[in-house]
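Descriptive analysis of the structure
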Amino acid sequence: MASVAPKTTTHISKLLSVPTASSQPRTISEKKGTTTTSPPKVFPSPTTGYISQSGPGQTDDFLSLEQDAQAIGIAIEQLGKTTPPPPSPLDHFEKWFPESTKEETKRPEFPEKRQIRVNKLLPQPPYHVFDRWKKRQIVLLVTCAGVLSPLSTSIFFPALPAISTGFAISSTSVMLVVMAYMIVQAIASLFWMPLCSVFGRRPIFMATLLIFVASNVGLIFARNFAVLLIWRTVQSFGTAALTAICAAIIGDISIGKERCRFIGVFGSILVFTFISPVIGGLLTYYLGFRAIFWFLLASGTVVLTLVVLMLPETLRSIAGNGTIKVSRIQQPLIYAVKSSRDASYDPDANGHIGVLRILTLKSFAEPLHCLLQMEVVITAIFGSVVFAICSTIIATTSLMFHEKYQLSHMVIGLTFLPAGAGSVLSFFTIGYLVDHDFCVTEQKYRRMHQLETGISLDYKTLPDFPIERARLRNMWWIVLIFIAATAGYGFSFTFAPKLIALPLVLQFFIASSATAILLTNGILIADLYTGTASVTAAVNFMRFLVGALAVGLTEPALVRFGSGITFVILAAATMVLTPIMVVQWMFGKPWRAKRNSTWPRERLVRLPGYQSPFQNVRGTNSGCFFIIVSTARGIMTDKYRTKGGMIMV
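Residues numbered from 1 in each chain as written. Predicted model: local features only at pLDDT ≥ 70, side-chain atom pairs only at ≥ 80, totals over all residues. Heavy atoms only, no water.

Right, let's talk about the overall build of the protein for a bit. The helix and strand tally for the protein stands at 26 helices and 5 strands. Looking at the 649 residues of the protein, the share that counts as buried comes to 43%. (Helix = DSSP H or I, 4+ residues; strand = E, 2+ residues; numbered from the N terminus. Buried < 20%, exposed > 50% of the residue type's maximum accessible area, 1.4 Å probe, protein only.)

One non-glycine residue, Ala168, lies in the positive phi region at around 55 degrees. Secondary-structure assignment places Ala168 in the loop between α8 (160-166) and α9 (171-199). Even without being a glycine, Gln406 presents a positive backbone phi close to 50 degrees. In this structure, Gln406 sits in the loop between α18 (374-405) and α19 (409-414).

Moving on: the nonpolar core. As a rule of thumb, soluble globular proteins bury nonpolar side chains together. Counting 129 residues, the largest nonpolar core has Phe205 and Leu228 as its most contacted members. Counting residues per element, this core draws most heavily on α18, at 17 residues. Not counting chain neighbours up to four residues away, the residues in contact with Phe205 comprise Val142, Ala145, Leu242, Ile245, Cys246, Ile249 and Leu311. (Core = buried A, V, L, I, M, F, W, Y, C linked by side-chain atoms within 4.5 Å. Contact = heavy atoms within 4.5 Å.)

Another aspect to go through is empty space enclosed by the protein. Evaluated as defined, the whole model comprises 2 cavities of 30 Å³ or more. As a volume, the largest cavity reaches approximately 50 Å³. Around the largest cavity, the lining residues are Ile430, Leu433, Val434, Asp437, Arg471, Asn474, Met475, Ile478 and Thr520. Contributions of two or more residues to the lining of the largest cavity are made by α20 (417-449) and α22 (475-495). Broken down by element, the lining of the largest cavity gets its largest block of residues, 4 residues, from α20. Looking at the lining of the largest cavity residue by residue, the classes come out as 5 nonpolar, 2 polar and 2 charged. Taken as a whole, the second largest cavity encloses approximately 40 Å³ of empty space. Along the walls of the second largest cavity sit Phe274, Cys390, Ile393, Ile394, Ala419, Gln507, Ile510 and Ala511, which together make up its complete lining. Within the residue set of the lining of the second largest cavity, elements represented by two or more residues are α18 and α23 (501-528). (1 Å grid on protein atoms, 1.4 Å probe; cavity = no way out; pocket = protein on both sides within 12 Å on 5 of 7 lines; lining within 4 Å. Points joined across faces, edges and corners; volume = space filled by probe spheres on them. Nonpolar A, V, L, I, M, F, W, Y, C, P; charged D, E, K, R; others polar.)

Moving on: the pattern of salt bridges. With the rule as written, the count across this model stands at 4 salt bridges. In this structure, the salt-bridge partner of Asp437 is Arg473, at a minimum N-O distance of 3.2 Å. Of this pair, Asp437 sits in helix α20 while Arg473 sits in the loop between α21 (467-471) and α22, placing them 36 residues apart in sequence. Residue classification places Arg473 among the partly exposed positions, given a relative accessible area of 30%. (Salt bridge = Lys/Arg side-chain N within 4 Å of Asp/Glu carboxyl O.)

Bringing the side chain of Thr396 into the picture now. Residue position: Thr396 is located in helix α18. Only 3.4 Å separates the side chain of Thr396 from the backbone oxygen of Ile393, close enough to count as a polar contact. (Polar contact = N/O pair within 3.5 Å; in protein donor to acceptor, adjacent residues only side chain to side chain.)

Helix-helix packing is characterised by the crossing angle of the two axes and by the distance between the axes. Viewed as axis vectors pointing N to C, α18 and helix α24 (residues 535-561) meet at an angle of 45 degrees, and their least axial separation amounts to 8 Å. Taken as axis vectors, α18 and α24 run oblique relative to one another. For the crossing formed where α18 meets α24, the hand is right-handed. Residues Ala380, Ile381, Gly383, Ser384, Val385, Phe387, Ala388, Thr392, Thr396, Leu399 and Met400 of α18 pack against Met542, Arg543, Phe544, Val546, Gly547, Ala550, Val551, Thr554, Glu555 and Leu558 of α24. (Axes fitted to C-alpha atoms, helices over the stretch in contact; angles between N-to-C directions. Parallel < 35°, antiparallel > 145°, perpendicular 65-115°, else oblique. Left-handed = near helix turned anticlockwise from the far one by under 90°.)

A few words on the environment of Leu151. Counting through the fold element by element, Leu151 comes out in helix α7 (residues 148-154). The spatial distance from the C-alpha of Leu151 to the C-alpha of Pro277 is 8.3 Å, given a sequence separation of 126 residues.

Okay, helix α12 (residues 242-253) next. Its 12 residues give α12 an end-to-end C-alpha distance of 17 Å, which sits within 8% of 16 Å, the value for a rise of 1.5 Å per residue. When you tally the buried positions in α12, you get 10 out of 12 residues, the bulk of the element. Inspection of α12 places Leu242, Ala244, Ile245, Cys246, Ala248, Ile249, Ile250, Gly251, Asp252 and Ile253 among the buried residues, and these make up the whole buried set. (Expected span 1.5 Å × (residues − 1).)

Here the focus is helix α15 (residues 290-310). In this model α15 runs 31 Å from its N-terminal to its C-terminal C-alpha over 21 residues, within 8% of the 30 Å that 1.5 Å per residue would give. Listed as buried for α15 are Ala291, Ile292, Phe293, Leu296, Leu297, Ser299, Gly300, Val303, Leu304 and Val307. The inward-facing, buried residues of α15 abut α6 (132-146), α7, α10 (201-220), α11 (225-239) and α14 (272-287).

This paragraph deals with the packing of aromatic side chains. In the structure shown here, the tally under the stated rule is 18 aromatic pairs. Plain terms: the ring middles of Phe491 and Phe495 are 5.4 Å apart, the flat faces sit at 15 degrees to each other, and that makes the pair stacked. Pair noted here: Phe491 and Phe495 are both in helix α22, with a separation of 4 residues, about one helical turn. You can call Phe495 exposed: its relative accessible area is 66%. Through a chain of ring-to-ring contacts, three or more aromatic side chains come together here, namely Phe401, Tyr405, Tyr489, Phe493 and Phe567. Above the plane of the ring of Phe130 lies Lys134, whose end atom (NZ or CZ) is 4.4 Å from the centre. (Phe/Tyr/Trp six-rings, centres within 6.5 Å; stacked < 30°, edge-to-face > 60°. Lys NZ or Arg CZ within 6 Å of the ring centre and 35° of its normal.)

Further remarks concern a nonpolar patch on the surface. Residues Trp476, Trp477, Leu480, Ile481, Val505 and Phe509 make up a contiguous nonpolar surface patch of about 580 Å² in total accessible area. Listed by contribution, the elements that provide at least two residues to the nonpolar patch are α22 and α23. Among the elements that line the nonpolar patch, the one with the most residues is α22, at 4 residues. Inspection of the secondary structure puts Val505 in helix α23. Residue Val505 is classed as partly exposed on the basis of its relative accessible area, which comes to 43%. (Patch = residues over 30% accessible without salt bridge, like charges linked within 9 Å, V, L, I, M, F, W, Y side chains within 5 Å. Areas by Shrake-Rupley, 256 points an atom, 1.4 Å probe, with all protein chains shown as cover.)

Relative to the elements of secondary structure, Phe266 occurs in helix α13 (residues 257-266). Between the C-alpha atom of Phe266 and that of Val147, which follows or precedes it by 119 residues, the distance is 9.1 Å. With residues up to four places along the chain from it excluded, the contact list for Phe266 reads Val142, Thr143, Gly146, Thr243, Cys246, Ala247 and Ile250.

Okay, here's the thing in structure tokens:
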């Protein structure tokens, strides 16, 4: 540390050769082993850290602090002028890695191709990772499971006379089974769906099927009517949410046109509403009415086994778009033997993950929120009445035909075929009619607003689109067919007691028109409802409650008034409620605009504490004043805040 090596001294002296006022610049020899006289040089001082002008070994001649500072300044200034900066390792970076802006200026003629390349490199996450075959497999599985709901409902009807005879009860008492079944169907769906939205589709699906299987075991060994009634309500509790859960699973894995196609396949289970009575009649005729419960037990066991083995969890708040690893209970049992081919967990691919919900007491009443919308509730009321009348006709078919024509149980089961044929025909034709009406209304809307054909319209975001008129355009003549057929159905048993074909033909028209009305009614409710809760549970709640009330009142009315007057009353009830559709046609759009706060409305608001200028006038209140408030979203007053409004006196 006392001196600097000669080689280092030579190098530093080359760089820091600073001329002074008292000495002339001199050179230094670079030959090894030679020593020449050299000018004052600048070296680091081992003691003070400043620059010294004494050479190696000359430690006694140090500059003062001021001279060191001057020497440093002169050296730095000369280094800045004569010494080039060291080469940067990034000097050639732009040469080998040019910026993207330069590339864009060279190739401005291919912006579309470059955008396509970026899109291919960064694809959007799929709505669900299941391939087409896997989705079809799930839809087929849930369709088979959904069949259990209409199957267990209607297969029981041909056995009502046999149950009445077997337990020695009246026809009015045996109708309590149908009434209790429908009441539980209405309430249980509100219980199962919130659980399904929190704990997942698969566990709740298996729980409902397990209850269904256990209830059939109880029905097989029921020895009196009270026990049979209890187990029948338990069976209803198990099948109440099957249809809604199946529809929710389809919604989890599909979207757009694919979802419509899957829902169309799933909707075919409606056919079993009228096919299952034929099965029930055959089983009752050959094996007795308990054979129906053996058949349902076998069907439920097969479906439960398939669900446990093959159905994966699809709830998007748990499984996302199929790429989130779920727990063992939410995985198909077949995955324990054969690994899944589904995609592994990828957090970046889950762009469509649902919101995780928490189960509260409000969750069970949430589906009923849709009934707070005026246009939704009046549409649901009309559909509920039509559903109740159709259910009453189906429920009383076996008792009426057995009483009027003394038919066997097998033939009674066959009497449901005309209604089934009418329902199937209407199911496959009403879709074309609804689509045609919508296209006609859409074309009128485009001409009115001068819109081009290529512009796609989202009618749910257009407050002035007349969706009510698009759905109800051909409803009037369908409703008239339903009313006329219902009014004449009861008299067909009285005026033509030997002509069994007449009530069967009327059943065909009743079932076909009722199916068309209910399908269109459900589509309109889905179009009108703007919330996020499941509207299916609320609609089923209203339909089954009104249906249970109608079934409970129809049998005593048949005993007291006869079939002719009873069904005329039911037809008159439909006619009384028909103006609801007229009101919907005329005021549906203003109601929607009013709910969306785009329709100005006026109301009286009482401002407490305001001194009225008319306080001396008799009959006025001196402590308040009434003003008109015209509400519109986005306009608020400073002191008297309404939902949004501008005070107008």
